[in-house]
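# Observations on the model geometry
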Protein chains: 2
Amino acid sequence: MSTTEETGPRARLIEAAGEVFAEHGFRAATIREITRRAGVNVAAVNYYFRDKEELYSATLLHAHKAACTLRPEDAGALPPEDRLHHFVHALLSRFLDPRRPRWHGQLMAREMAEPTPMLRHLIDEVFRPNCRWISGVLSELGGGRFDAEQLDYITTSVLGQCVFYRQNRPIIQSFFPDLLGRDALVDRLARHITDFSLAAIRNLPGKSLHHEHLAESR
Amino acid sequence: MSTTEETGPRARLIEAAGEVFAEHGFRAATIREITRRAGVNVAAVNYYFRDKEELYSATLLHAHKAACTLRPEDAGALPPEDRLHHFVHALLSRFLDPRRPRWHGQLMAREMAEPTPMLRHLIDEVFRPNCRWISGVLSELGGGRFDAEQLDYITTSVLGQCVFYRQNRPIIQSFFPDLLGRDALVDRLARHITDFSLAAIRNLPGKSLHHEHLAESR
DNA sequence: AGACGTTTCAAACAATTGTTTTATGTGGGG
DNA sequence: CCCCACATAAAACAATTGTTTGAAACGTCT
């Protein structure tokens, strides 16, 4: 436990469990395959963790302790356009950066399709704050001319463009064969999604008070 | 077999299997629960279908025979703006229309996270043609000023906004509690996504020929 | 009614699952 | 040297899995 790099059986178990859970899901993942990949005995799971479920919790938690923050530290100083770009870029990094173990995103996609009790915790701790924050940025970009409903739609539009790349790898691979292979992919993609969304926001009509007095609402 | 409503054991099996597969995934779904819900004997699965896998294929297939086409029949006559709107609306209907059994989308979300051999077939038969088609519409909307790479990005932007509502129910429910409950939700949402994308496309610079001559492309 | 193909069912099968038990090794103080 | 807490390993356990079996029930002909 001297460095950040853990090599004990417990850590190897979590790493192997992450891969297997991501590939097959919770129930279909077998303890015997996990322990085989980790190079330890079958009983190790019940020794280091109470049972399979606790191993899963530990794995999910480990995956999100490693997740970097989506918001720039000097948020206040940046113009909202740059804050949006930073957010999109950080989010895409999680999904597409090949240096990140790819089972993080896979596990999350699974939780969406078949939520476990653990998901609620993650939502409250990490997703909701980020969502609130980006929603505020988008509201600022609209200059206060969007009402709550429209702001919800716009927020999901931005999030949707990003998480698409986490949850639809097979489709993307098949439709746009050279898309995922491009170098500096994350940079290009973040640039596009930001520009696309900014262009949309700037030219979207505000709350349909028909057409007059747009500027005086604030 | 006189009407469109099937009530035989085979049909009841498919219906029950759809729910169970959607809830638990292929491997975690048990034949005993499926047959219990369908009100038939355990052996019925191996009688009407060869095995569990063939039941799954039949279920997946059934879910997509029920899927309506995403393209308007009179496509040629409509302006591209309306073709986009129709596409978005039809796609959202699949995910959000409460009259549609909700396990259709769930099953698909699962296939994305853990593709089975069946997925490739679906991609080739139904996804790719639709994707090609909407990509063409978007290209037309851009007046031919987008290159292949940019067009890929724009297509995924539109698709991402739509499929977000299929694959992230727990998130949406938790962040935007009153969003999914709105009446005429599909109509409002389709309107937003269409307007958002159109506004973006109209104001996106074309292939970065830097900054001049934007207006003359049309 | 009797014979026959089809459908349904309860029971049993072998294989695999998560978990527990029991035994074996390992190091460090008394 | 022995004892003991800890770590690892092999084997066994009970429960559940998909699948098969063989007999009973059903309907339809001659």
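Here is a short report on the structure shown in this document. Model, not experiment: these values are computed from the prediction.

### Describing the interface of chain A and chain B
Between chain A and chain B, the contact holds 53 residues from the first and 53 residues from the second. Summed over both partners, the interface of chain A with chain B comes to about 4,800 Å²; 64% of that surface belongs to carbon and sulfur atoms. For the chain A face of the interface with chain B, the top three residues by lost area are Tyr153(A), Phe175(A) and Phe196(A), together amounting to 14%. The interface formed by chain A and chain B includes eight salt bridges. Between Arg110(B) and Glu114(A) there is a salt bridge whose closest N-O contact spans 3.2 Å. Among the elements that make up the side of chain A that touches chain B, the one with the highest residue count is helix α8 (residues 148–167) of chain A (15 residues). The residue makeup of the side of chain A that touches chain B, split by class, is 27 nonpolar, 14 polar and twelve charged.

### Looking at the protein's contact with DNA strand D
Around DNA strand D, the surrounding shell holds 15 residues, and the nearest of these are Tyr47(A), Tyr48(A), Thr30(B), Arg32(B) and Lys52(B). Sugar and phosphate atoms form 58% of the subset of DNA strand D atoms that lie within 4 Å of the protein. One of the side-chain nitrogen or oxygen atoms of Tyr48(A) is found 2.3 Å away from a phosphate oxygen of DNA strand D. Note that a base nitrogen of DNA strand D is positioned 2.9 Å from one of the side-chain N or O atoms of Arg32(B). Of all the elements in the fold, those that place two or more residues in the surface near DNA strand D are α3 (44–48) of chain A together with α2 (31–38) of chain B. Looking at the surface near DNA strand D residue by residue, the class counts come to seven nonpolar, three polar and five charged.

### Quick word on the protein's contact with DNA strand C
With respect to spatial proximity, 15 residues lie near DNA strand C, and among them Thr30(A), Asp51(A), Lys52(A), Tyr47(B) and Tyr48(B) are the closest. Each atom of DNA strand C within 4 Å of the protein was classed as base or backbone; sugar and phosphate made up 59%. Within the contact set of DNA strand C, a phosphate oxygen lies 3.3 Å away from a backbone nitrogen or oxygen of Asn41(B). At a separation of 2.7 Å, a phosphate oxygen of DNA strand C approaches a polar side-chain atom of Tyr47(B). Those elements that place two or more of their residues in the surface near DNA strand C are α2 (31–38) of chain A together with α3 (44–48) of chain B. Along the lines of polarity and charge, the residues of the surface near DNA strand C split into seven nonpolar, three polar and five charged.

### Re the packing of α8(A) against helix α8 (residues 148–167) of chain B
Two packed helices can be described by the angle between their axes and the distance between those axes. In the contact formed by α8(A) and α8(B), the axes pass within 7 Å of each other and the chain directions differ by 100°. As summarised for this structure, α8(A) and α8(B) are arranged roughly perpendicular, according to the angle between their axes. Contacts between α8(A) and α8(B) pair Tyr153(A), Thr156(A), Ser157(A), Leu159(A), Gly160(A), Gln161(A), Val163(A), Phe164(A), Tyr165(A) and Gln167(A) from the former with Tyr153(B), Thr156(B), Ser157(B), Leu159(B), Gly160(B), Gln161(B), Val163(B), Phe164(B), Tyr165(B) and Gln167(B) from the latter. Classifying every residue of the contact of α8(A) with α8(B) gives ten nonpolar, ten polar and no charged.

### A few points about the relation of the copies chain A and chain B
One copy of the chain maps onto the other through a rotation about an axis followed by a shift along the same axis. Mapping chain A onto chain B calls for a screw motion: a turn of 180° about the axis and a shift of 0.0 Å along it, with 0.2 Å RMSD after fitting. The relationship between the two copies is best expressed as a two-fold rotation axis. Closest approach to the rotation axis among the C-alpha atoms of chain A is made by Ala200(A), whose C-alpha sits 1.9 Å away. By residue overlap, the copies meet face to face through one surface: 100% of the interface positions of chain A are interface positions in chain B.

### Considering the side chain of Glu149(B)
Structurally, Glu149(B) is set in helix α8. Within polar-contact distance, the side chain of Glu149(B) engages the side chain of Tyr153(B) at 2.8 Å. If we skip the residues at most four places from it in the chain, Glu149(B) touches Arg182(A) and Arg188(A).

### Considering the pattern of salt bridges
Tallied over the entire structure, the rule returns 26 salt bridges over all chains. The shortest N-O distance in the salt bridge between Arg37(B) and Glu23(B) comes to 3.2 Å. One end of the pair, Arg37(B), is in helix α2; the other, Glu23(B), is in helix α1 (residues 9–24), and 14 residues separate them in sequence. Three or more residues are tied together by salt bridges with common partners; here these are Glu19(A), Glu23(A), Glu33(A), Arg36(A) and Arg37(A).

### Remarks on the environment of Glu114(B)
Among the structural elements, Glu114(B) can be located in the loop between α6 (103–113) and α7 (117–141). Separated by 88 residues in sequence, Glu114(B) and Phe26(B) place their C-alpha atoms 9.6 Å apart. Those residues within four positions of Glu114(B) in sequence are excluded, and the remaining contacts are Glu23(A), His24(A) and Arg110(A).

Thresholds, definitions, all that
- Residues numbered from 1 in each chain as written.
- Chains lettered and ligands numbered in written order.
- Predicted model: local features only at pLDDT ≥ 70, side-chain atom pairs only at ≥ 80, totals over all residues.
- Heavy atoms only, no water.
- Contact = heavy atoms within 4.5 Å.
- Buried area = accessible area lost by both parts, 1.4 Å probe.
- Salt bridge = Lys/Arg side-chain N within 4 Å of Asp/Glu carboxyl O.
- Helix = DSSP H or I, 4+ residues; strand = E, 2+ residues; numbered from the N terminus.
- Nonpolar A, V, L, I, M, F, W, Y, C, P; charged D, E, K, R; others polar.
- Near = heavy atom within 4 Å.
- Polar contact = N/O pair within 3.5 Å; in protein donor to acceptor, adjacent residues only side chain to side chain.
- Axes fitted to C-alpha atoms, helices over the stretch in contact; angles between N-to-C directions.
- Parallel < 35°, antiparallel > 145°, perpendicular 65-115°, else oblique.
- Least-squares fit on C-alpha atoms with pLDDT ≥ 70 in both.

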